[in-house]
Amino acid sequence: MKRIFWLTTPLLFLAAPSQGQDASQPFAKATLNVQQGGTRGADGKVSGGAFGLVESFDVPADHRIHDQLIAFEGPGWESDKVAYRLYLDERNVPDIYGKRLPAPILPRIGMGHDDYHALADWGMDIFQVDQSLGMGGIGVLREGKVTQLGRSTIHVEARDLGPLALVDVDNDGFAGAGAPANMKTRYAIKPGSRITMVSSIVTGPAPKMVAGLTLHAGTTQVSGGAGRWRYFGTWGKQSLAKDDLGIVLFYRVSDAVQTGANNGSLFVEFCDPTRIRYAFAAAWVQEPTAPKTLAAFKAWADTTAAEFDKQNADRAHLTPHARPATCKGPE
């Protein structure tokens, strides 16, 4: 399988805003922990091997959801503020680990047992994804319905590059517009930040591409931004700890065909399905520096959107290209 290669994206990630830094030692770390030497049993689960940290991995064709081949089901990236993981299967959407302590936690959890579903000193898995786009996942608008990406051939790399933690994913052969399409995606976080920046390139017959957030019942929807960057999200008792959690997705208004709610997700559809760029973040009330109220969360999101505008981050995001006529506004 071809390997992922990027040149321009670190410039944007270094510029991404990181409000809420504290006096602890900020860090960013990417983790990919794979079971090696195990065997697949009649129940489909892999056992008997030893987990080891790797930088790259070709996901085998017989990999299935919950088969315990990969610790916590995929690669993860974290800062001293928050941690995220990506389901490395047909879901292809991120999830959230809330952090009560600022130390790295991903290299030591999820190795063949569900040790992250109960509240620990470091935190826990705090989000329910189901069939939605999860915490900022990329999906496809199929027959007017927001769906997860679906089956593909997957290669992943997880590494630290200078101050950045990067996860790069190739999804080859997912169901595109009448024929298979390919997607390369980068997720990145920097020290002291709870923001993940996302860049994606789709080749082949690109379908209608979207990104979004799980829409849980009983939450309050928020939106804002007055410049090039806008946001939408939710706040409320949607954490698996049964307390308040805020989630938000930032996007460039000139990149959007529409935003809305569909099939359990809030979403934005991109006018150019071949070049996707956006950001997302989560804030859990048990995280020491997180916003603790709806008003504080919205104020943080407003400030973050304004910082994206101030830094004019979009100029460094992807190699310049011809934009479709459906894309409006300044490049």
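Residues numbered from 1 in each chain as written. Predicted model: local features only at pLDDT ≥ 70, side-chain atom pairs only at ≥ 80, totals over all residues. Heavy atoms only, no water.

Observations concerning the sheet that holds strand β20 (residues 245–252)
Rules: Two strands pair under a simple rule: DSSP has to find at least two bridges between them. Per the convention used, a helix needs a DSSP run of H or I reaching at least four residues, while a strand needs a run of E reaching at least two, with both numbered from the N terminus. Here an axis means a line fitted to C-alpha atoms, over the contact stretch when the element is a helix, while the angle between two N-to-C directions is reported on a 0 to 180 degree scale.
The strand order across the open sheet formed by nine strands is β6-β13-β14-β15-β16-β23-β20-β19-β18, and the pairing between neighbours is antiparallel. A single partner strand is all that each edge strand has here, and the edge strands are β6 (56–58) and β18 (220–224). Averaged over neighbouring strand pairs, the angle between their axes works out to 15° when direction is ignored.

With respect to the pattern of salt bridges
Heads up, the condition is: Basic side-chain nitrogens of Lys or Arg form a salt bridge, by our definition, when they fall within 4 Å of a carboxyl oxygen of Asp or Glu. Burial classes follow relative accessibility: with a 1.4 Å probe on protein chains only, a residue under 20% of its type's maximum area counts as buried, one over 50% as exposed, and anything between as partly exposed.
On inspection of all chains with the given rule, the structure shows 19 salt bridges. A salt bridge links E73 to R85; the nearest nitrogen and oxygen atoms lie 3.7 Å apart. Linking E73 in the loop between β6 and β7 (76–79) with R85 in strand β8 (residues 82–86), this pair joins segments that are 12 residues apart in sequence. By the burial criterion, E73 is buried, and R85 matches it. The salt bridge involving D255 is made with R252; its shortest N-O contact spans 3.2 Å. The class for D255 is buried, based on a relative accessible area of 5%.

Considerations on the pairing of strand β9 (residues 94–99)
In the case of a regular strand, side chains alternate between the two sheet surfaces. Within β9, six of the six residues are buried, which leaves the element mostly enclosed by the surrounding structure. Side chains of β9 alternate between two faces, with P94, I96 and G98 and D95, Y97 and K99 buried alike. In terms of strand pairing, β8 meets β9 through five bridges, oriented antiparallel. The partner of V82 across the bridge, within β9, is G98. Pairing analysis gives three bridges linking β9 to strand β10 (residues 123–125), with the strands arranged antiparallel.

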